[in-house]
Amino acid sequence: MKIVRQDWLRSRWLSQPMNSGAYRRWLVESGSLTRKLQRASEHFAVEQIRSAAARPLAEEARLMKLGPEQKALVREVLLCCNHKPAVFAHSVLPFASLQGSWRGLPRLGNKPLGAALFSDPLVRRTPLQFRKLSASNPLYQQARPYLQFGAEELWARRSLFFLGSSTILVTEVFLPQVLTL
């Protein structure tokens with residue numbers, strides 16, 4: 001019975017990062033993760049991997065009320081500390097949200113999205129959700145090339161950011177390297 005419960009917990013997003021061990025201090029940071037990583041490392045950098053029109057994952061599309069064939073700007077970056085990837089960040093920016101003060105977000109390149117979001121006092125954020133990703137999860141698979149040492153599962157967190165009626169989904173996958181900071 002316990003195995004069934006663990007599998008069920010891994011298959012959905014949770015309001016608390018249960019049994020997250022050393023990852024907990026990173027997962028529960030309610031402020032800017034970028035700022036926390038900058039403080040924890042001597043050299044911090046954002047490396048853009050992808051920024052393109054794409055269909056979000058089915059679960060993401062449902063959460064953001066996008067049609068199954070509807071595309072959004074999908075942005076993926078590595079947050080690197082001391083020249084090593086520590087976090088794989090995956091963001092979904094519906095094209096309808098890229099207006100007003102968010103119209104420049106597609107051109108961020110190697111600049112952190114978090115800096116833009118946390119600098120605007122009008123931006124609101126939903127409570128964080130947490131999930132342990134298994135190797136079969138698409139986000140785990142996208143983060144796998146950046147693992148410096150093996151991990152059967154990866155912790156992730158996500159939240160929605162709102163500015164008026166505009167919405168952005170940000171998911172951060174914590175690579176084991178973050179624990180060395």
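Residues numbered from 1 in each chain as written. Predicted model: local features only at pLDDT ≥ 70, side-chain atom pairs only at ≥ 80, totals over all residues. Heavy atoms only, no water.

## Observations concerning the packing of aromatic side chains
Phase 1 of the analysis: Counted by the stated rule, this structure contains two aromatic pairs.
Phase 2 of the analysis: Seen in terms of ring centroids, Phe88 and Tyr146 are 6.3 Å apart; in terms of plane orientation they differ by 15°. Their pairing is stacked. Highlighted residues: Phe88 in strand β3 (residues 84–93) and Tyr146 in the loop between α6 (138–143) and β6 (153–163), separated in sequence by 58 residues.
Phase 3 of the analysis: On the basis of relative accessible area, Tyr146 is assigned to the partly exposed category, the value being 23%.
Phase 4 of the analysis: Here Phe118 and Phe161 contribute two aromatic rings whose centre-to-centre distance is 5.8 Å and whose plane-to-plane angle is 80°, an arrangement assigned as edge-to-face. Within this pair, whereas Phe118 is found in helix α5 (residues 113–118), its partner Phe161 is found in strand β6, the two being separated by 43 residues in sequence.
Phase 5 of the analysis: Judged by its relative accessible area of 3%, Phe161 falls in the buried class.
Phase 6 of the analysis: Against the face of Trp26 rests Lys36, its NZ or CZ located 5.2 Å from the ring centre. (Phe/Tyr/Trp six-rings, centres within 6.5 Å; stacked < 30°, edge-to-face > 60°. Helix = DSSP H or I, 4+ residues; strand = E, 2+ residues; numbered from the N terminus. Buried < 20%, exposed > 50% of the residue type's maximum accessible area, 1.4 Å probe, protein only. Lys NZ or Arg CZ within 6 Å of the ring centre and 35° of its normal.)

## Considering the layout of surface pockets
The gaps of empty space that remain are located by a probe, the size of a water molecule, rolled over the atoms.
Phase 1 of the analysis: Here the second largest pocket defines a volume of roughly 160 Å³.
Phase 2 of the analysis: Contributing to the lining of the second largest pocket are 14 residues, with Met64, Leu66, Pro94, Ser97 and Thr167 lying nearest its centre.
Phase 3 of the analysis: Of the residues assigned to the lining of the second largest pocket, the class counts are eight nonpolar, four polar and two charged. (1 Å grid on protein atoms, 1.4 Å probe; cavity = no way out; pocket = protein on both sides within 12 Å on 5 of 7 lines; lining within 4 Å. Points joined across faces, edges and corners; volume = space filled by probe spheres on them. Nonpolar A, V, L, I, M, F, W, Y, C, P; charged D, E, K, R; others polar.)

## Here's the deal with the nonpolar core
Phase 1 of the analysis: Within the largest apolar cluster, 18 residues are counted, with the highest numbers of intra-cluster contacts made by Leu33, Leu37, Leu79, Val87, Phe174 and Val178.
Phase 2 of the analysis: When residues of this core are traced back to their parent elements, those giving at least two are α2 (24–27), α3 (33–40), β1 (44–54), β2 (72–81) and β3.
Phase 3 of the analysis: Those residues within four positions of Phe174 in sequence are excluded, and the remaining contacts are Tyr23, Trp26, Leu27, Leu33, Ala86, Val87, Leu154, Trp155, Ala156 and Arg157.
Phase 4 of the analysis: Formed by 14 residues, the second largest nonpolar core is a distinct cluster that contains Ala151, Leu154, Ala156 and Val173. (Core = buried A, V, L, I, M, F, W, Y, C linked by side-chain atoms within 4.5 Å. Contact = heavy atoms within 4.5 Å.)

## Digging into the pattern of salt bridges
Phase 1 of the analysis: Taken as a whole and judged by the stated rule, the model has seven salt bridges.
Phase 2 of the analysis: For Arg55, the salt bridge identified is with Glu69, shortest N-O distance 3.1 Å. Separated by 14 residues along the polypeptide, Arg55 in the loop between β1 and α4 (58–63) and Glu69 in the loop between α4 and β2 bring together distant segments of the chain.
Phase 3 of the analysis: Looking at Glu69, the relative accessible area reads 57%, which means it is exposed.
Phase 4 of the analysis: Because the salt bridges share partners, they merge into one network encompassing Glu59, Arg131 and Arg158. (Salt bridge = Lys/Arg side-chain N within 4 Å of Asp/Glu carboxyl O.)

## Thoughts on the side chain of Thr167
Phase 1 of the analysis: With respect to the helices and strands, Thr167 occurs in strand β7 (residues 166–174).
Phase 2 of the analysis: Note on Thr167: relative accessible area 15%, which makes it buried.
Phase 3 of the analysis: If near-sequence neighbours (up to four positions away) are discounted, Thr167 is found in contact with Met64, Pro94, Ser97, Trp102, Leu160, Phe161 and Phe162.

## Points about empty space enclosed by the protein
Phase 1 of the analysis: Throughout the structure, instances matching the rule amount to one cavity of 30 Å³ or more.
Phase 2 of the analysis: Lining the largest cavity are 20 residues, and of these Thr34, Leu113, Gly114, Val170 and Glu172 sit closest to its centre.
Phase 3 of the analysis: If you list the elements that add at least two residues to the lining of the largest cavity, you get α3, β2, β3, α5, β6 and β7.
Phase 4 of the analysis: If you tally residues by element for the lining of the largest cavity, the top one is α5, at four residues.

## As for unusual backbone geometry
The bulk of non-glycine residues show a negative phi, and the bulk of peptide bonds are trans.
Phase 1 of the analysis: Even without being glycine, Asn19 reaches a positive phi, approximately 55°.
Phase 2 of the analysis: By secondary structure assignment, the location of Asn19 is in the loop between α1 (2–10) and α2.
Phase 3 of the analysis: Taking the relative accessible area as the measure of exposure, Asn19 reaches 73% and is therefore exposed.
Phase 4 of the analysis: In this structure, Lys65 is a non-glycine residue whose phi angle is positive, near 60°.
Phase 5 of the analysis: Secondary-structure assignment places Lys65 in the loop between α4 and β2.

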